[in-house]
Amino acid sequence: MMEDMTPREIVAELDKYIVGQQAAKRAVAVALRNRYRRRLLGDDLRNEVIPKNILMIGPTGVGKTEIARRLATLAHAPFVKVEATKFTEVGYVGRDVDSMVRDLVQVAIRMVEQEKREQVKGEAEERAVQRVVDVLQPRREPPAKRAPMPKAPKPSTENELMEQFNQLLSGMGPQGSLGEAKAEEAASDESDTEVDRRRREQESRVRERLRQQVASGVKDNDAIEIEVEESGAPPFMQVLAPQGMEDMGSEMQGMLGSLMPKKRKKKTMTIGEARAHFAGEEARNLVDQESVTREAIELAEQSGIIFVDEMDKVAGRGGSSGGGSGPDVSREGVQRDILPIIEGSTVQTKHGPVKTDFVLFIAAGAFHLSKPSDLIPELQGRLPIRVELENLTQADLRRILTEPKNALVKQYQGLLATEGVTVNFTDDAVDELARFASEVNAQMENIGARRLHTIMERLLDEVSFAAPDLEEKTVNVDGAYVREKLNGIVKDEDLSRYIL
């Protein structure tokens, strides 16, 4: 478990993806470790220890969102990123703040459901193979039982009755010997049973051979026609909810859809696709949805992480609600609506009530035009850990290009390698890319590491376009190549505003 790791080990894991920002990494590592410590406490003290929420302050593109996202991935915790600007005070048009908790529960349900499906994956695939075999070679119905021999007709005279009675006493019937009739019937039944047994054995051999072929993937490209459930609600059942109440509309549509019978239709697909479809259906049938919902709510309550971005956009300007430019309608109202969620409250969802007392909240914002002190005092008190992220230097940009596991240079090399093109970057080329990105950030708006994306796209634009048709499949990118492609654009400030 990631939470069993020490803060130093957590920071080392984050270093693999994020360059610099050690203060922010330390803060989130301690917050995650505190969750593990809280679980070791006794019941009386455990409920008294609440998460220490974090406020990250720094310009765009320095790694605020990436730190929170990587932390959630490493901790295997449900994570939701929301933007404070999407929410409005109750009574205005916009989403209500409770929707962030509902989104968190949905993420938790998907995580738990995926985990449960992995546990039953083997059995579900076995059942899926069997269902494909049933379509290719249906089982034969057992033959109907032989009808009983018809009774002799009722005699019409007393002499005939006496004659038949005597025949019965002597072992003879009106149609011949009863013993012979029974023997013939038994022989016939035995013959039918032998034929049925051979037919069943042959059918079993055919089905077993088919099962092996389907399971091994030999017949994956063959076509098959199966019955599938129609996806989506009928047009007459779609609920159009007003803006800000989309969650209510989806819940009503789900309730109405569950009341209607499921329609099935025939669809032609490959056997490989049919196996995957049947495996999904069987996995859903094998998983207990009640236990999924119960575990997901507990996971969201105890391990959930909500990242609230653009918090500075709902702060006042210069300490007053109306002193800045632009409309300030409901800014403070949004903060007051977010406050009880961060403070700890119970939110009603379609899966049941969810408590937010132990959810970790990480708020972030650039705070260029406002300051953290412009937030309402109550909200400031619920974000006790303040971390200021630093601007990226030219050296940081150079490391971002090459060092992380998801480094940009590695990404572009991998993309072009799919076309058979090998792209080699020299050290001086990387130095030049970092220099150009740093210069453009200094001349114009500083967008941090995101500037590298625009620089790289401009640099490799021609190669990416002509990659399928290139005769020379090796491209060497050095410092001179970078300067040739980017020098004119960077020097022309007006042009670089539009391109870079």
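Residues numbered from 1 in each chain as written. Predicted model: local features only at pLDDT ≥ 70, side-chain atom pairs only at ≥ 80, totals over all residues. Heavy atoms only, no water.

Asker: Lay out the overall build of the chain with the relevant residues and their values.
Answerer: The number of helices and strands found in the chain is 20 helices and 13 strands. Taking all 500 residues of the chain together, 38% fall into the buried category. In the chain, of all internal contacts separated by at least 6 residues, the share reaching a separation of at least 24 is 77%. Carbon together with sulfur atoms contributes 50% to the accessible area of the chain, which is approximately 29000 Å² in total. (Helix = DSSP H or I, 4+ residues; strand = E, 2+ residues; numbered from the N terminus. Buried < 20%, exposed > 50% of the residue type's maximum accessible area, 1.4 Å probe, protein only. Contact = heavy atoms within 4.5 Å. Areas by Shrake-Rupley, 256 points an atom, 1.4 Å probe, with all protein chains shown as cover.)

Asker: For the sheet that holds strand 11 (residues 385–388), give the residues involved together with the corresponding values.
Answerer: Taken together, 5 strands build an open sheet; the order of strands is 2-7-10-1-11 and the sheet is parallel. If you trace the sheet from one side to the other, it starts and ends with strand 2 (79–83) and strand 11, each paired once. Averaged over all adjacent pairs, the angle separating strand axes in this sheet is 20 degrees, with direction ignored. Strands strand 1 (54–57), strand 7 (305–309), strand 10 (360–365) and strand 11 of the sheet are contacted by helix 2 (residues 22–39), whose axis makes an angle of about 165 degrees with strand 1. (Pairing = 2+ DSSP bridges. Axes fitted to C-alpha atoms, helices over the stretch in contact; angles between N-to-C directions.)

Asker: Explain the packing of aromatic side chains residue by residue, including any values.
Answerer: Inspection of every chain in the model, using the stated rule, returns 0 aromatic pairs. Across the ring face of Phe358, the terminal group of Arg38 is positioned such that the distance to the ring centre comes to 3.8 Å. A cation over a ring is seen here: Arg435 above Phe436, with NZ or CZ 4.6 Å from the ring centre. (Phe/Tyr/Trp six-rings, centres within 6.5 Å; stacked < 30°, edge-to-face > 60°. Lys NZ or Arg CZ within 6 Å of the ring centre and 35° of its normal.)

Asker: Outline the nonpolar core, supporting the account with residue identities and numerical values.
Answerer: One finds Met56, Ile362, Phe425, Leu433, Met456, Leu459 and Val477 to be the most contacted residues of the largest nonpolar core, which totals 59 residues. Counting 44 residues, the second-largest nonpolar core is a separate cluster that includes Phe87, Val292, Val334 and Phe367. (Core = buried A, V, L, I, M, F, W, Y, C linked by side-chain atoms within 4.5 Å.)

Asker: Please give an account of the environment of Ser464 that cites residues and values.
Answerer: Tracing the sequence through the fold places Ser464 in helix 18 (residues 461–466). Looking at Ser464, the relative accessible area reads 38%, which means it is partly exposed. For the pair Ser464 and Leu416, spaced 48 residues apart in sequence, the C-alpha to C-alpha distance is 7.1 Å.

Asker: Go over the pattern of salt bridges with me, naming the residues and quoting the values.
Answerer: If you walk through the whole model with that rule in mind, you get 27 salt bridges. Between Glu343 and Arg382 there is a salt bridge, with the nearest N and O atoms lying 2.5 Å from each other. One end of the pair, Glu343, is in helix 12 (residues 331–343); the other, Arg382, is in the loop between helix 13 (377–381) and strand 11, with 39 residues separating them in the sequence. A residue is classified by how much of its surface remains accessible, and Glu343, at 43% relative accessible area, is partly exposed. (Salt bridge = Lys/Arg side-chain N within 4 Å of Asp/Glu carboxyl O.)

Asker: Break down unusual backbone geometry for me, with residues and values.
Answerer: A positive phi is found at Gln21, a non-glycine position, where the angle reads about 55 degrees. By secondary structure assignment, the location of Gln21 is in the loop between helix 1 (7–15) and helix 2. Here Gln21 falls in the buried class, since its relative accessible area comes to 7%. Positive phi is not limited to glycine here, since His76 has a value of about 55 degrees. For His76, a relative accessible area of 44% corresponds to the partly exposed category.

Asker: Pulling in residues and values, what's your account of the environment of Gln394?
Answerer: Secondary-structure assignment places Gln394 in helix 14 (residues 394–402). For Gln394, a relative accessible area of 37% gives the class partly exposed. Between the alpha carbons of Gln394 and Ala437 there is a distance of 7.8 Å; along the sequence they are 43 residues apart.

Asker: How would you sum up the packing of helix 15 (residues 408–417) against helix 17 (residues 450–459)? Please name residues and give values.
Answerer: At a minimum axis separation of 11 Å, helix 15 and helix 17 run at an interaxial angle of 35 degrees. In this structure, the crossing between helix 15 and helix 17 has a hand that is right-handed. For the pair formed by helix 15 and helix 17, the contact residues are Leu408, Val409 and Tyr412 on the first element and Leu452, His453, Met456 and Glu457 on the second. Classifying every residue of the contact of helix 15 with helix 17 by side-chain character gives 5 nonpolar, 1 polar and 1 charged. (Left-handed = near helix turned anticlockwise from the far one by under 90°. Nonpolar A, V, L, I, M, F, W, Y, C, P; charged D, E, K, R; others polar.)

Asker: Hey, could you go over helix 16 (residues 427–443) for me, with residue numbers and the actual values?
Answerer: Taking 1.5 Å of rise per residue, the 17 residues of helix 16 would be expected to cover 24 Å, and the 25 Å separating its terminal C-alpha atoms lies within 8% of that figure. Along helix 16, the residues classified as buried are Ala429, Val430, Glu432, Leu433, Ala434, Phe436, Ala437, Val440 and Asn441. (Expected span 1.5 Å × (residues − 1).)

Asker: If you had to explain the pairing of strand 7 to someone new, which residues and values would you point to?
Answerer: Summarising burial for strand 7: 5 of the 5 residues are buried, a large majority. With burial as the criterion, each face of strand 7 is covered, one bearing Ile305, Phe307 and Asp309 and the other bearing Ile306 and Val308. Sheet topology places strand 2 next to strand 7; 5 bridges connect them, and they run parallel. When the sheet's bridge partners are listed, Phe79 is paired in strand 7 with Ile305. As paired elements, strand 7 and strand 10 share 4 bridges and run parallel to each other.

Asker: Run through the side chain of Ser370, naming residues and quoting values.
Answerer: With respect to the secondary-structure elements, Ser370 resides in the loop between strand 10 and helix 13. With relative accessibility at 3%, the residue Ser370 sits in the buried group. From its side chain, Ser370 meets the backbone oxygen of Asp312 in a polar contact 3.4 Å long. (Polar contact = N/O pair within 3.5 Å; in protein donor to acceptor, adjacent residues only side chain to side chain.)

Asker: Requested: an account of the side chain of Glu432, with residues and values cited.
Answerer: Turning to its location among the elements, Glu432 is positioned in helix 16. With residues near it in sequence (within four places) discarded, Glu432 still touches Gly479, Val482 and Arg483.

Asker: Account for the packing of helix 1 against helix 4 (residues 64–75), with residues named and values stated.
Answerer: Interaxial distance between helix 1 and helix 4 falls to 10 Å at its minimum, and their mutual angle equals 120 degrees. Considering how the two elements wind past one another, helix 1 and helix 4 form a crossing that is right-handed. Facing Ile10, Glu13 and Leu14 of helix 1, the residues of helix 4 in contact are Ile67, Arg70, Leu71 and Leu74. Looking at side-chain class alone, the contact of helix 1 with helix 4 contains 5 nonpolar, no polar and 2 charged residues.

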